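Chains, contacts and geometry: an overview
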Amino acid sequence: MFNIQCSMMIKYLLQKEFLQIRRNSFMPKIIFIFPIMVMCVMPWVMTQEVKNIRVDVVDTDRSTRSQQLVHQIEASNYFIFNGQKATYQDAMKDIETSKADIILEIRDGKYLIAANAVNGTKGSIGSAYLSQIVTSLSPHGGKTDDVSPLLSPHGVTGGGLLLLYNKSQNYKVFMIPALMGILMMMLCGFLPALNIVGEKEKGTIEQINVTPVSKWSFILAKLIPYWIIGMVVLTLCLVLSWLVYGITCQGPLLLVYLLAILLALFFSSFGLIVSNYSDTMQQAMLVMWFFVVCLMLLSGLFTPVRSMPDWAYLTTYINPMHYFADAIRTVFVRGGGFQAIAHQVAALAAIASLMAVWAVQSYKKNS
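Rules used throughout
- Residues numbered from 1 in each chain as written.
- Predicted model: local features only at pLDDT ≥ 70, side-chain atom pairs only at ≥ 80, totals over all residues.
- Heavy atoms only, no water.
- Helix = DSSP H or I, 4+ residues; strand = E, 2+ residues; numbered from the N terminus.
- Buried < 20%, exposed > 50% of the residue type's maximum accessible area, 1.4 Å probe, protein only.
- Contact = heavy atoms within 4.5 Å.
- Areas by Shrake-Rupley, 256 points an atom, 1.4 Å probe, with all protein chains shown as cover.
- Core = buried A, V, L, I, M, F, W, Y, C linked by side-chain atoms within 4.5 Å.
- Axes fitted to C-alpha atoms, helices over the stretch in contact; angles between N-to-C directions.
- Parallel < 35°, antiparallel > 145°, perpendicular 65-115°, else oblique.
- Left-handed = near helix turned anticlockwise from the far one by under 90°.
- Nonpolar A, V, L, I, M, F, W, Y, C, P; charged D, E, K, R; others polar.
- Patch = residues over 30% accessible without salt bridge, like charges linked within 9 Å, V, L, I, M, F, W, Y side chains within 5 Å.
- Salt bridge = Lys/Arg side-chain N within 4 Å of Asp/Glu carboxyl O.
- Phe/Tyr/Trp six-rings, centres within 6.5 Å; stacked < 30°, edge-to-face > 60°.
- Lys NZ or Arg CZ within 6 Å of the ring centre and 35° of its normal.
- Expected span 1.5 Å × (residues − 1).
- Bend = angle between axes of the 7 residues up to and from the residue.
- Pairing = 2+ DSSP bridges.
- Polar contact = N/O pair within 3.5 Å; in protein donor to acceptor, adjacent residues only side chain to side chain.

Within the protein, the secondary structure is distributed over 13 helices and 4 strands. Put simply, the protein has 367 residues, and 45% of those count as buried. Partitioning the intrachain contacts of the protein with sequence separation of at least 6 by distance along the chain shows that 74% fall at a separation of at least 24. Approximately 19200 Å² of the protein is accessible, and the part contributed by carbon and sulfur atoms is 64%.

Right under this line is the structure:
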């Protein structure tokens, strides 16, 4: 009898939640427009591939080889030929005024590459690209059409490197799983937190507190709608990945949904915890944003975690986004099965369960 009453309570509470979402003119739009914009725009701009590097050339040799080098730079998709300068000092003025990124000086058959290191990534990678062109045109090098490694149909580069995964070296394949995690984090974390704080500000939560609805029933009714929304958004992301980019999951889709469910459980529980300790939307937004940015930047979504200092790397052991990013890329890119991600699934389940219990315990219900 008790279980029947609880299920009926949850049913009516869920109806209330879905009615609130539907009657909100803004919420349904942002739920669908936000993932579409993220999946259709972000993979194009969130890339570590460096292009449009502006190059000044100081050619005092005027030899056939130096002219071939200049033409190779002009034809490259990675460089913008900024023109030839009479002296190195003239080219340096372009560097100082940010009109150029790299100077290539050719003198007496020798090459000098000077890069603007204000943007260290652009300077170092641009110098490496330019060095490949110079090497390809050297007397002992083979001429290539561009600076990127040439791939055979079997994923073998000109240097004999065998690529087992992402053979086309498409950065979008690496970023799309990360964007899925970010969307789950934003929708399943922020929306439940703002929902409860919004009811606090309106005073409607007090009406729930004086009813016989249990804490578990109330919190489940708050979380389930956003879990469903999260799964719908994940499905939309997978469809857009296939339609827009031709990128599909290499492993079992059920594992992708399993990982998404565990991540949604963590962030929805975390959002409820923040809302339980917050009195206004401003407080909840600031606290959520602080933790979300830290979890995202320290997770390895964008940069390798092994590049972090030792003290920062230790945070990955308690960071659910790190386990999610590692696991979903194993499934999505490498085609791994459950055995390959069993450790990440166990860690995500443990952290999410802990946060769910904390969310229930931290909710104060007036009897």
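From this point, things continue past the structure.
Most often, soluble globular proteins have nonpolar side chains that are buried together. Ranked by internal contacts, the top residues of the largest apolar core, which has 84 residues, are Met180, Met184, Phe218, Leu259, Phe267 and Phe332. It is helix α6 (residues 171-202) that contributes the most residues to this core, 18 residues altogether. Beyond its immediate chain neighbours, meaning those up to four positions away, Met180 contacts Leu234, Cys237, Leu238, Ile328 and Phe332.

We now examine the packing of α6 against helix α8 (residues 215-245). Geometry of a packed helix pair, given as the angle between the helix axes and the separation of the axes. Contact pair α6 / α8: the axes reach a minimum separation of 10 Å and the direction vectors enclose 155 degrees. Here α6 lies roughly antiparallel to α8, going by the angle between them. In the packing of α6 onto α8, the handedness of the crossing is right-handed. Listed contacts from α8 to Lys172, Ile176, Met180, Leu183, Met184, Leu187, Cys188, Leu191, Pro192, Asn195, Ile196 and Glu199 of α6 are Phe218, Lys222, Leu223, Tyr226, Gly230, Met231, Val233, Leu234, Cys237, Leu238, Ser241 and Tyr245. Among the residues making up the contact of α6 with α8, the classes are represented as 18 nonpolar, 3 polar and 3 charged.

A surface patch of nonpolar side chains, amounting to about 960 Å² of accessible area, comprises Ile33, Met37, Val41, Met42, Trp44, Val45, Val239, Trp242, Leu243 and Val244. Elements with a contribution of two residues or more to the nonpolar patch: α2 (27-45) and α8. Sorting elements by how many residues they give to the nonpolar patch places α2 first, with 6 residues. Using a relative accessible area of 54% as the deciding quantity, one classes Val45 as exposed.

This part covers the packing of aromatic side chains. Under the counting rule described, the total for this entry stands at 8 aromatic pairs. Ring pairs connect the aromatic residues Phe266, Phe267, Phe270, Phe290 and Phe291, which therefore count as one cluster. The ring centre of Tyr78 lies 5.8 Å from the NZ or CZ of Lys51, which sits over that ring. Over the ring of Phe174 we find Arg329, and its NZ or CZ is 3.6 Å from the ring centre.

Relative to the 27 Å expected for 19 residues at 1.5 Å per residue, α2 spans 26 Å between its end C-alpha atoms, a close match to the ideal helical length. Bending of α2 peaks at approximately 30 degrees at the position of Met39, with proline Pro43 no more than four residues after it.

Moving on to the sheet that holds strand β1 (residues 53-59). Strand order in this open sheet of 4 strands is β2-β1-β3-β4, and the pairing throughout is mixed. Among the strands making up the open sheet, the edge pair consists of β2 (79-84) and β4 (110-115). Recorded for the sheet is a direction-independent mean angle of 25 degrees between the axes of neighbouring strands. Bridge analysis of β1 against β2 gives 4 bridges, and the strand direction is parallel. Paired with Arg54 across the two strands is Ile80, which belongs to β2.

Mapped onto the fold, His322 is located in helix α12 (residues 320-332). A polar atom in the side chain of His322 sits 3.1 Å from the backbone oxygen of Ser299. Excluding its chain neighbours within four sequence positions, the residues that come into contact with His322 are Ser299, Val305 and Thr316.

Take the environment of Leu179 next. Along the chain, Leu179 turns up in helix α6. By relative accessible area, which is 1% here, Leu179 ends up buried.

Moving on: the pattern of salt bridges. With the rule as written, the count across this model stands at 3 salt bridges. Lys85 is paired through a salt bridge with Asp94; the nearest N and O atoms lie 3.3 Å apart. A residue is classified by how much of its surface remains accessible, and Lys85, at 25% relative accessible area, is partly exposed. Overall, Asp94 belongs to the buried group, its relative accessible area being 11%. We note a salt bridge from Glu105 to Arg107, for which the minimum N-O separation is 2.6 Å.

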